[in-house]
Amino acid sequence: MSLYGNAKVKNWRYKIKGNFHFSHSPSPIRNVNDNGHLLGITKPRHMIYLHSYGGEAPFFEGLSQGKLLGTRCDNPGCEYKGTIYQPYRIYCPDCLARCTELDMTETAKNRGYIHTFMTCERSGAFNTLDKPIKFINIEFEGVSTILMSYLSVGEPKIGTRVIPIFKKIDPSYTITDLSWVVEGTQADQLPDGFSF
Amino acid sequence: MIRFTENQLKTPQFMRPVYLVTAGQSKFDRAIPERKTEELCVDALTMAAELVNLTPAELKGYIHSCYYGHFADHFGDQLLGEAVIHDRLGLDPLGNVGIKTGGATGGSTLWEAAKTVASGYSDCVLAMGWERMDEVPTDEGNFLISCAADKDWESPLGHIYTGYYAVMAQRYWQVFGKEEDSFRKTLAEISVKHHGYARMNPFAQSPMKITVEDVLNSPVVAYPLRALDCCLMSVGAACAIIADEKTAMEIARNSDIKPLRIWVTAGSHTLRPADRRPMDIPLLPNETPDLYEDLENRFPGAGRYPGFSAFLGARMCAYYGYRMAGVNDPCEDLDVIELHDAFTISDIQTYEDIGIRPYGQGRTYVESGDCYHTNPKTGQPGKLPSNLSGGLIGCMHAVGATGIMQTFEIANHIWGIWEKIHGDENRWKAFRREKPADWTNLQVNGAKRGLAISHAGVGSHVTCTILMDPDHLLKQDSSF
């Protein structure tokens, strides 16, 4: 079996190694109600993408280190100076100045509550979360936006205080490395790989 | 609290009157394995030509530029699908461009077409939209749709768009619906209505004679939304011909079709609901500031606008569109509408966003019976019937075609041809569908004005298409 594709960046260029695509033969799709006449074919494809987080990379690295990073516009000339963003925005949406990075971990632990939620029984293909998925949107005092995430322990309810947890062991470096639990949850209740 | 500038809130203006001349559409279904997309587009364009008693070649001879609405390249595994369709329709060497704005793609395609005629660039434009969502199984389809959310911040969360949407539904359900069983039944009634109207529509994918209990007992997708609260995944095409007055009259001269005035406007809001910031409610012509002074008292949690319970994009396209076309009160000024009922709850949210009811009171549009063709409470015509096509829940959501289908449906009523188009026995047979024994003519008698809302995802793009009989305008064309 050939090496599954992986990549690194050296001298600002991607260096890829292994297979990034895997070929399979098409098969015919026939109409059984019409003497098996050909209608089409299947088109198998398995390929690996490269994706850059760009200026948001610190946020995703931060999750693996147990940190929730947000940003703030500090441009003195901006009408909305001082506005704090979570999700992390690279640039202020108003003045387009580069935002200042903030460590919001303590804010999230002390001032986050559920704005709304949803328990989802179904998922799309390639889902990695256990079902049912408890989507929650977290509002933080002093923050202008409302973060979407998911609740791993407890029952969601509007207004409930929630605490962030982080997948520091074997992280995926995606937004799923961040999850939440209701206030009062103990460390031994957390899912594998997650900690406060 | 964010604010918008006067420049941003300016009423849009066309440089000359714009007309919808004719339109057409294919059959809609979950899968149409026996036909290629180009065949469906040919069906739509051929139907549009037949309505004005022209051959397709004669109609094509008027077209000067083309807009193609096709949202999801990755469903069909074909980049530049627009060029394929343009070639197969034989429309070289005309300029053409693809439009992609999620669920609003059909409406946005009309928006571009109308502006192109209004500016004088073209006298006649083709707006054609389609979607091909049968080339992958449903769960992979849900994955592909979820790619329309932010791929770093949202899509990995279950790869299920319904979930991103449903958090807003939950907020609305709790704040404005107050978690009442009666509110949940009102939502179910919308599904019953739309699947029921789809029974009268030969183009429709999901005709069903169901009850409120059937909806409430259908499988949970994302509570309180159940399978029968959700829109369809479809295949199909629809088109419209947009023209200036002279060209419109010439195209329609040998038919009973009376070209209709058309206005299309658009609004937007953040792709990620997470990025929504608080603001004042932009008011529609039939609203005053005092209407919402005590909203938070009446509905605790409703004070943050638009929060997760309203769609700013929908509000803004109506804000622009009503002022542009002279609509003051949609319930008084319009006769029939088609809304983007992606989910039963978003149907109710839209009633409020476009001013059919004030924020917080959307449910009364259904509970009063105003939204029906025939008000079930009075037996009289509904005050403002909605989604007589069956909408996205009962008819189809072939994304790039949806906004155009809705507009064609409204035009059918104003042209007075709804029965001819939907009751034709040959069409039912050609689509291999059985016309129900209790088939009912849903023509809105005397319809002169209508509206269609085309809406993307969690409200990132929304368009408002307004159609009027040119002899029943609400505002004079003093500015041309």
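Computed from a predicted model, the values in this text were never measured in an experiment.

Draft legend 1. Representation of the nonpolar core in the model. Counting residues in each nonpolar core, the largest one holds 196 residues, and the members touching the most others are A:Trp180, B:Leu126, B:Met128 and B:Leu451. With residues up to four places along the chain from it excluded, the contact list for B:Leu126 reads B:Leu45, B:Ile63, B:Ser65, B:Cys66, B:Tyr67, B:Tyr68, B:Leu89, B:Leu91, B:Cys239, B:Ala240 and B:Ile241. Formed by nine residues, the second largest nonpolar core is a distinct cluster that contains A:Ala125, B:Phe75, B:Met133 and B:Phe143.

Draft legend 2. Layout of the environment of B:Gly321. Residue and element names in this part refer to chain B. Positionally, Gly 321 belongs in helix α13 (residues 312-325). Taking the C-alpha atoms as reference points, Gly 321 and Gln 78, 243 residues apart in sequence, are found 34 Å from one another. Apart from the residues lying within four places of it in its own chain, the contact partners of Gly 321 are Thr 265 and Ile 466.

Draft legend 3. Quick look at the domain arrangement of chain A. Looking at chain A, the domain boundaries give domain 1 (6-47) and domain 2 (54-195). The C-alpha-based centres of domain 1 of chain A and domain 2 of chain A are spaced at 35 Å.

Draft legend 4. Main features of the packing of aromatic side chains. Enumeration according to the criterion identifies 23 aromatic pairs over all chains in this entry. With a centroid separation of 5.7 Å and 15 degrees between ring planes, the pair formed by A:Tyr4 and A:Phe22 is classed as stacked. Linking A:Tyr4 in the segment before β1 (6-10) with A:Phe22 in strand β3 (residues 21-22), this pair joins segments that are 18 residues apart in sequence. Take A:Tyr4: its relative accessible area is 48%, and that puts it in the partly exposed class. Ring pairs connect the aromatic residues A:Tyr53, A:Phe59, A:Phe60, A:Tyr88 and B:Trp153, which therefore count as one cluster. The ring of B:Phe308 has B:Arg276 sitting right over it, with the charged end atom 6.0 Å from the ring centre. In this arrangement the basic side chain of B:Arg323 is found over the ring face of B:Tyr319, its NZ or CZ atom lying 3.9 Å from the centre.

Draft legend 5. Here's a closer look at the side chain of B:Glu82. All names here are of chain B. Position of Glu 82 among the secondary structure elements: in helix α5 (residues 81-88). For Glu 82, a relative accessible area of 6% corresponds to the buried category. With sequence-adjacent residues up to four places away left out, Glu 82 is seen in contact with Tyr 68, His 70, Asp 73, Gly 98, Lys 100 and Trp 130.

Draft legend 6. Examining the domain arrangement of chain B more closely. Residues and elements named next belong to chain B. The assigned domain composition of chain B is domain 1 (6-10 + 164-231 + 263-470) and domain 2 (19-137 + 236-251). Distance between the C-alpha centres of domain 1 and domain 2: 24 Å. On the side of domain 2, 40 residues touch domain 1, which itself brings 37 residues to the contact. A buried area of about 2,800 Å², summed over both sides, lies between domain 1 and domain 2, and 71% of it is on carbon and sulfur atoms.

Draft legend 7. Structural detail: the sheet that holds strand β4 (residues 124-132) of chain B. All names here are of chain B. Read across the sheet, nine strands follow the order β3-β2-β4-β7-β1-β8-β11-β10-β9 without closing on themselves; strand pairing throughout is mixed. The two strands at the open ends of the sheet, each matched to only one other strand, are β3 (95-99) and β9 (336-338). Direction aside, neighbouring strands of the sheet carry axes that sit 25 degrees apart on average. The sheet contact formed by strand β2 (residues 65-69) and β4 spans five bridges and is parallel. Bridged to Cys 66 within β4 is Leu 126.

Draft legend 8. A look at the interface of chain A and chain B. Each partner contributes residues to the interface: chain A has 45 residues there, and chain B has 40 residues. Taking both partners together, chain A and chain B bury about 3,800 Å²; carbon and sulfur atoms supply 62% of that area. Of all residues in chain A, the largest losses of buried area upon contact with chain B belong to A:Met118, A:Arg122 and A:Met148, amounting jointly to 17% of the total for that side. For the salt bridge of B:Arg277 with A:Asp94, the shortest nitrogen-to-oxygen distance reads 2.8 Å. At the junction of chain A and chain B, the tally comes to 20 residue pairs in polar contact (both at pLDDT 80 or more).

Draft legend 9. Looking closely at the packing of helix α9 (residues 181-198) of chain B against helix α15 (residues 344-353) of chain B. All names here are of chain B. For the pair α9 and α15, the least separation of the axes is 9 Å and the interaxial angle reads 100 degrees. Classified by the angle between their axes, α9 and α15 sit roughly perpendicular to one another. From α9, Phe 183, Thr 186, Leu 187, Ile 190, Ser 191 and His 194 reach across to α15, where they touch Thr 344, Ile 345, Asp 347, Ile 348 and Tyr 351. The residue makeup of the contact of α9 with α15, split by class, is six nonpolar, four polar and one charged.

Draft legend 10. Spatial organisation of the pairing of strand β7 (residues 69-72) of chain A. Residues and elements named next belong to chain A. Direction of pairing for β7 relative to strand β9 (residues 100-103): antiparallel, over a ladder of four bridges. The residue of β9 that forms the bridge with Leu 69 is Asp 103. Pairing of β7 with strand β8 (residues 84-85) involves two bridges; the strand directions are antiparallel. Note that in β8 the partner of Thr 71 across the bridge is Tyr 85.

The rules behind each value
- Residues numbered from 1 in each chain as written.
- Chains lettered and ligands numbered in written order.
- Predicted model: local features only at pLDDT ≥ 70, side-chain atom pairs only at ≥ 80, totals over all residues.
- Heavy atoms only, no water.
- Core = buried A, V, L, I, M, F, W, Y, C linked by side-chain atoms within 4.5 Å.
- Buried < 20%, exposed > 50% of the residue type's maximum accessible area, 1.4 Å probe, protein only.
- Contact = heavy atoms within 4.5 Å.
- Helix = DSSP H or I, 4+ residues; strand = E, 2+ residues; numbered from the N terminus.
- Domains from an automatic or database assignment.
- Phe/Tyr/Trp six-rings, centres within 6.5 Å; stacked < 30°, edge-to-face > 60°.
- Lys NZ or Arg CZ within 6 Å of the ring centre and 35° of its normal.
- Buried area = accessible area lost by both parts, 1.4 Å probe.
- Pairing = 2+ DSSP bridges.
- Axes fitted to C-alpha atoms, helices over the stretch in contact; angles between N-to-C directions.
- Salt bridge = Lys/Arg side-chain N within 4 Å of Asp/Glu carboxyl O.
- Polar contact = N/O pair within 3.5 Å; in protein donor to acceptor, adjacent residues only side chain to side chain.
- Parallel < 35°, antiparallel > 145°, perpendicular 65-115°, else oblique.
- Nonpolar A, V, L, I, M, F, W, Y, C, P; charged D, E, K, R; others polar.

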